[in-house]
Amino acid sequence: MTTRSPNTTALDGHRERNTDHDAVDAVRKRIAEAGVEYIYYQSVTLGGRAVGKVVPAVHLLRNLERGVQMHRAVVADFQTDRSGTLLGGGAQAAEFTALPDLDTFAVLPWDTSVGRFFCRLYEPAHRPEYGGEPFAADVRGNLIRRHREFTEHTGLVLRSGCEPETTWTGQGLEASHRPDASPAYRVEMLERNRPVYQKVITYARALGLDMIEGDYEDPGQLELNWMYDRAELTADRLITFRQICRQVARELGVTASFMPKPTIGVMGNGCHHNLSLWRGAENVLAEPGRRELHLSGTGRHVLGGILRHAAGAMAVMGSTVNSYKRYWDAGLFAPERIDWGMDDKTCTVRLSANGRLEFKLPDAMVNPYLSHAVLLAVISDGLENRIDPGPPQATAEEPGFRFPALPMNLGEALTAFGEDAVVRGGLTEEIAALHLACKSDEWARFCAAVTDWEHMMYAEDTP
């Protein structure tokens, strides 16, 4: 753990790291070799969007020290609520300072004149009371701090791998199959999508993602996966992956959508989080020497924490109105209840291999910094309180069933989020409050909207 003198701030410490001669020289060398002329200084919003500024590369040293400034309402995507109030801060709110992390520099493979950094956010240095301290609504900075604190407290590291599903539509990508069958896993469908997956994988590898496998899962749906790693690195890579998909869609003249449930009757777009917990080189979810599918005692407590707080976490894992259509459409491998199982695709958590828990609630629009921060909090609770997950695939009718029902719409999920102090404790108070405000407004707007379904049902249905 890095210590600071009483008169220095977190911003000062980050600036000092950004003056490391070897690290700075390595970045400058890459910029020169690639011919980088412009650099994106990007951070991530509550909604999981990359935002930032572009600066000529000749100002690198200035930006390593001073960063870039942005209005704090950007973390809420400059969203106003239904009354017109800007969420996250009004016109008089102070800006924050976005300072780049040197080790995140990358050259964009589709245009090597452009590079990018991920940034952490700080209160501006001139603020008298808390200038230079971490900006409380920084989702990326929060995850980095939470994971460091978790490791200091437990000696453990959370590693994760995500399974992002994306719906691709456009000329030449149409799927053809029998009405009573699915085109899942067909090589013919991979061939139709060859220009897509080849570009995505090529760009992803150039940006440091160790791509391992991919498949075609339902009409238009591709899943392309990369190797698991520390939780905060996986979160960065998921944001990078989405940016890659958008770029490939632009180049090919097609559409890439992360909408959780784009169509009724086909599988929705999930983003399952595959979790393991490490002490050094040991994965503590499994016991050495045991080959049969099992969980260690520690693993059972981790699972118990995840399940006990699954309902409260839903407003993060399924963060949109559309997310809940994925759970309602039965028979399509999405979770239907809060439980766990050995190999049941409808369980909230699946023990897919020794040492790995597959958490199936997150969908393709999840903010990975929020989801992993919440997972660290609920895993901590499971470990500290030795929460027992019970038998696999228990139901509410069975004796000893202990988990609440799965929220079935965003409104129910927001209520559960507000009632779960452990889930909210994985976030800062500012992030939790702002997330609740943004998503409550989204739910209110939906409840007030008149949809095509309502017109179909009621417009000419005279009582």
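Residues numbered from 1 in each chain as written. Predicted model: local features only at pLDDT ≥ 70, side-chain atom pairs only at ≥ 80, totals over all residues. Heavy atoms only, no water.

The protein is annotated in an unreviewed UniProt entry as Glutamine synthetase of Streptomyces inusitatus. Per UniProt, the protein carries the Sequence similarities (unreviewed entry) text "Belongs to the glutamine synthetase family." (UniProt positions renumbered as here; feature names shortened; annotations may be inferred.)

**A word on helix H8 (residues 297-308)**
One turn of the α-helix equals 3.6 residues, which is why residues spaced by three or four share an orientation. For H8, spanning 12 residues, the distance from its first C-alpha to its last is 16 Å, which sits close to the expected 16 Å at 1.5 Å a residue. The inward-facing, buried residues of H8 contact strand E12 (271-279), helix H9 (310-317), strand E14 (340-341), strand E15 (349-353), strand E16 (356-359) and helix H11 (368-385). (Helix = DSSP H or I, 4+ residues; strand = E, 2+ residues; numbered from the N terminus. Expected span 1.5 Å × (residues − 1). Contact = heavy atoms within 4.5 Å.)

**Considerations on the pattern of salt bridges**
One pass over the full model with this rule turns up 20 salt bridges. As a salt-bridge pair, Asp101 and Arg140 come within 2.7 Å of each other at their nearest N and O atoms. With a gap of 39 residues between them, Asp101 in the loop between strand E4 (95-100) and strand E5 (106-107) and Arg140 in helix H4 (residues 139-154) connect regions that are remote in the sequence. For the pair Asp101 and Arg140, a shared accessibility class is recorded, and that class is buried. (Salt bridge = Lys/Arg side-chain N within 4 Å of Asp/Glu carboxyl O. Buried < 20%, exposed > 50% of the residue type's maximum accessible area, 1.4 Å probe, protein only.)

**Brief notes about the packing of aromatic side chains**
Scanning the model with the defined rule gives eight aromatic pairs in all. Linked through ring pairs, Tyr41, Phe105 and Phe117 together constitute an aromatic cluster. Here Arg159 stacks its cationic end above the ring of Trp278, 4.4 Å away from the centre of that ring. Positioned above the aromatic ring of Phe258, the side-chain terminus of Arg242 is 6.0 Å from the ring centre. (Phe/Tyr/Trp six-rings, centres within 6.5 Å; stacked < 30°, edge-to-face > 60°. Lys NZ or Arg CZ within 6 Å of the ring centre and 35° of its normal.)

**Quick word on the layout of surface pockets**
Each pocket or cavity is described by its volume, and for the largest pocket that value is around 770 Å³. Every residue lining the largest pocket is counted, 38 residues in all, and those nearest its centre are Glu163, Glu223, Asn274, Arg350 and Glu358. At the level of elements, strand E7 (157-169), strand E8 (211-218), strand E9 (221-226), E12, E15 and E16 are the ones that each hand at least two residues to the lining of the largest pocket. Looking at the lining of the largest pocket residue by residue, the class counts come to 14 nonpolar, 12 polar and 12 charged. (1 Å grid on protein atoms, 1.4 Å probe; cavity = no way out; pocket = protein on both sides within 12 Å on 5 of 7 lines; lining within 4 Å. Points joined across faces, edges and corners; volume = space filled by probe spheres on them. Nonpolar A, V, L, I, M, F, W, Y, C, P; charged D, E, K, R; others polar.)

**A closer look at the nonpolar core**
Formed by 87 residues in total, the largest nonpolar core has its most connected members in Ile39, Phe117, Leu277, Ile306 and Leu357. Broken down by element, this core gets its largest block of residues, eight residues, from H11. Ranked by size, the runner-up nonpolar core spans 30 residues in total, among them Trp168, Leu209, Leu222 and Trp226. (Core = buried A, V, L, I, M, F, W, Y, C linked by side-chain atoms within 4.5 Å.)

**A few points about a nonpolar patch on the surface**
A grouping of Trp453, Met456, Met457 and Tyr458 is seen on the molecular surface, where their side chains present a nonpolar patch of about 490 Å² in accessible area. Among the structural elements, Met457 can be located in helix H15 (residues 452-458). (Patch = residues over 30% accessible without salt bridge, like charges linked within 9 Å, V, L, I, M, F, W, Y side chains within 5 Å. Areas by Shrake-Rupley, 256 points an atom, 1.4 Å probe, with all protein chains shown as cover.)

**What about the pairing of E12?**
The buried count for E12 comes to eight of nine residues, which makes it a mostly enclosed element. Relative to E16, E12 runs antiparallel, the two sharing three bridges. When the sheet's bridge partners are listed, Leu275 is paired in E16 with Leu357. Across two bridges, the pairing between E12 and strand E13 (residues 282-283) is antiparallel. Of the residues in E13, the one forming a bridge with Trp278 is Asn283. Where E12 folds back on E13, the antiparallel hairpin that results is connected by two residues, among which Gly280 adopts a positive phi of roughly 65 degrees. (Pairing = 2+ DSSP bridges.)

**Re the packing of helix H6 (residues 194-206) against helix H7 (residues 231-252)**
The geometry of H6 relative to H7 is characterised by a closest axis approach of 9 Å and an angle of 135 degrees between their N-to-C directions. Relative to H7, H6 is oriented oblique. In this structure, H6 meets H7 at a crossing whose hand is right-handed. The segment H6 lies against H7, with Pro195, Val196, Lys199, Val200, Tyr203 and Ala204 engaging Phe241, Ile244, Gln247, Val248, Glu251 and Leu252. Class assignment of the residues belonging to the contact of H6 with H7 gives a composition of nine nonpolar, one polar and two charged. (Axes fitted to C-alpha atoms, helices over the stretch in contact; angles between N-to-C directions. Parallel < 35°, antiparallel > 145°, perpendicular 65-115°, else oblique. Left-handed = near helix turned anticlockwise from the far one by under 90°.)

**Things to note about the side chain of Gln221**
Tracing the sequence through the fold places Gln221 in strand E9. Note on Gln221: relative accessible area 1%, which makes it buried. Only 2.9 Å separates the side chain of Gln221 from the backbone oxygen of Gly268, close enough to count as a polar contact. Filtering out sequence-adjacent residues up to four positions away, Gln221 remains in contact with Glu165, Thr166, Thr167, Asp215, Tyr216, Met267, Gly268 and Asn269. (Polar contact = N/O pair within 3.5 Å; in protein donor to acceptor, adjacent residues only side chain to side chain.)

**Things to note about unusual backbone geometry**
Despite not being glycine, Asp77 has its phi angle at roughly 60 degrees, a positive value. Mapping Asp77 onto the fold places it in the loop between strand E3 (68-71) and E4. You will see that Tyr185, though not glycine, has its phi angle at about 70 degrees, which is positive. When you line up the elements, Tyr185 lands in the loop between E7 and helix H5 (187-192).

**Some thoughts on the side chain of Lys360**
One can find Lys360 in the loop between E16 and H11. Notably, Lys360 is buried but unbridged: the nearest opposite-charge side chain belongs to Glu358, and the N-O separation is 4.3 Å. Those residues in contact with Lys360 that sit more than four places away from it in its chain are His272, Arg326, Phe333, Pro335, Lys345, Cys347, Thr348 and Arg350. (Lys, Arg positive; Asp, Glu negative; His and termini not counted.)

**Re the environment of Pro362**
Topologically, Pro362 is positioned in the loop between E16 and H11. Accessibility expressed as a relative area gives 0% for Pro362, which makes it buried. When the C-alpha atoms of Pro362 and Arg159 are compared, they prove to be 16 Å apart, with 203 residues separating the residues in sequence.

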